[in-house]
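Spelled out from the first residue to the last, the chains are:
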Amino acid sequence: MSQPRVLRLQDLPIIQAFEQSRAERFELDPVERELKSWHASWRKESLEHYLALSWSFGIWSQPDKGAPALLGYFLAQPQLFFRGLTQTLWVERLVADDAAIASELVEIAYKISREKHFQKVLFHLQEDAPVESAIFQLQKVQPDFVELK
């Protein structure tokens, strides 16, 4: 069972630990891992920006004992007057180790956008965090973006 909630600045070290653990599985070379982390969406400066806006969500486990673990998350912010639309939710990063969690995160972004009367949700595609397996029909608009109307 999982529990979604808005991410806060206090979650920054948990997100970084989650991402570093993922990076160790995908990139074996520690030097290459370090270089990629300098430009990653989950670097400290980026997280401080996104988490302060309160548009980012995480899904946490609900263990019987101990602290909940992060299962996946997305970093987002509203974009005003983007591509002729009044309001668009920009999702910079959506990552989960499980396709079902990724779909749940896409659904959260969709529901928030509908509730706030946004016209679209744009997802930035990244090699290590595919969102194509989501239950929604995501349309590719550029090589590294998909949208959800």
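Residues numbered from 1 in each chain as written. Predicted model: local features only at pLDDT ≥ 70, side-chain atom pairs only at ≥ 80, totals over all residues. Heavy atoms only, no water.

Asks: Help me out: how do you make sense of the overall build of the chain in this one?
Replies: Of the regular secondary structure elements, the chain holds four helices and seven strands. Written out in order from the N terminus, the α and β elements of the chain read β-α-α-α-β-β-β-α-β-β-β. Here the chain holds 149 residues, and 43% of them are scored as buried. Across the chain, every contact between residues at least 6 apart in sequence was considered, and the portion connecting residues at least 24 apart equals 61%. Put simply, the chain shows about 8,700 Å² of open surface, and 54% of that area lies on carbon and sulfur atoms. (Helix = DSSP H or I, 4+ residues; strand = E, 2+ residues; numbered from the N terminus. Buried < 20%, exposed > 50% of the residue type's maximum accessible area, 1.4 Å probe, protein only. Contact = heavy atoms within 4.5 Å. Areas by Shrake-Rupley, 256 points an atom, 1.4 Å probe, with all protein chains shown as cover.)

Asks: I tried to follow the packing of helix α1 (residues 12-26) against helix α3 (residues 44-53) on my own but got confused; where do I start?
Replies: Think of two packed helices as two axes; the pair is described by the angle between the axes and how far apart they sit. Where α1 contacts α3, the two axes come as close as 10 Å, and the packing angle between them is 130°. Considered as vectors, α1 and α3 are oriented oblique to each other. Regarding α1 and α3, the two cross each other, and that crossing is right-handed. Of α3, the residues touching α1 (which contributes Leu12, Ile15 and Gln16) are Lys44, Leu47, Glu48 and Leu51. (Axes fitted to C-alpha atoms, helices over the stretch in contact; angles between N-to-C directions. Parallel < 35°, antiparallel > 145°, perpendicular 65-115°, else oblique. Left-handed = near helix turned anticlockwise from the far one by under 90°.)

Asks: Teacher, can you tell me more about the pattern of salt bridges here?
Replies: For side chains bearing opposite charge, pairing can occur when the charged atoms are close. Here the structure, examined in full by the defined rule, presents seven salt bridges. One salt bridge connects Glu48 with Lys44, and the closest N-O pair in it is separated by 3.3 Å. Of the two residues, Glu48 and Lys44 both sit in helix α3, four residues apart, roughly one turn of that helix. On the basis of relative accessible area, Glu48 is assigned to the partly exposed category, the value being 34%. For Lys44, a relative accessible area of 46% gives the class partly exposed. (Salt bridge = Lys/Arg side-chain N within 4 Å of Asp/Glu carboxyl O.)

Asks: Even after reading the chapter, I still don't get the nonpolar core, so can you show me in this structure?
Replies: Among soluble globular proteins, nonpolar side chains are generally buried collectively. In this structure, Phe74, Leu89, Val91, Leu94 and Phe123 are the most contacted members of the largest nonpolar core, which totals 22 residues. Where this core is concerned, the elements lending two or more residues are β2 (57-61), β3 (70-82), β4 (85-96), α4 (99-115), β5 (120-124) and β7 (145-148). With seven residues, α4 is the largest single contributor of residues to this core. Listed in part, the 16 residues of the second largest apolar core include Leu7, Leu12, Ala40 and Trp90. (Core = buried A, V, L, I, M, F, W, Y, C linked by side-chain atoms within 4.5 Å.)

Asks: Looking at this structure, how should I read the side chain of Ser113?
Replies: Here Ser113 lies in helix α4. When residues no more than four places from it in sequence are discounted, the contact partners of Ser113 are Leu89, Phe118 and Val121.

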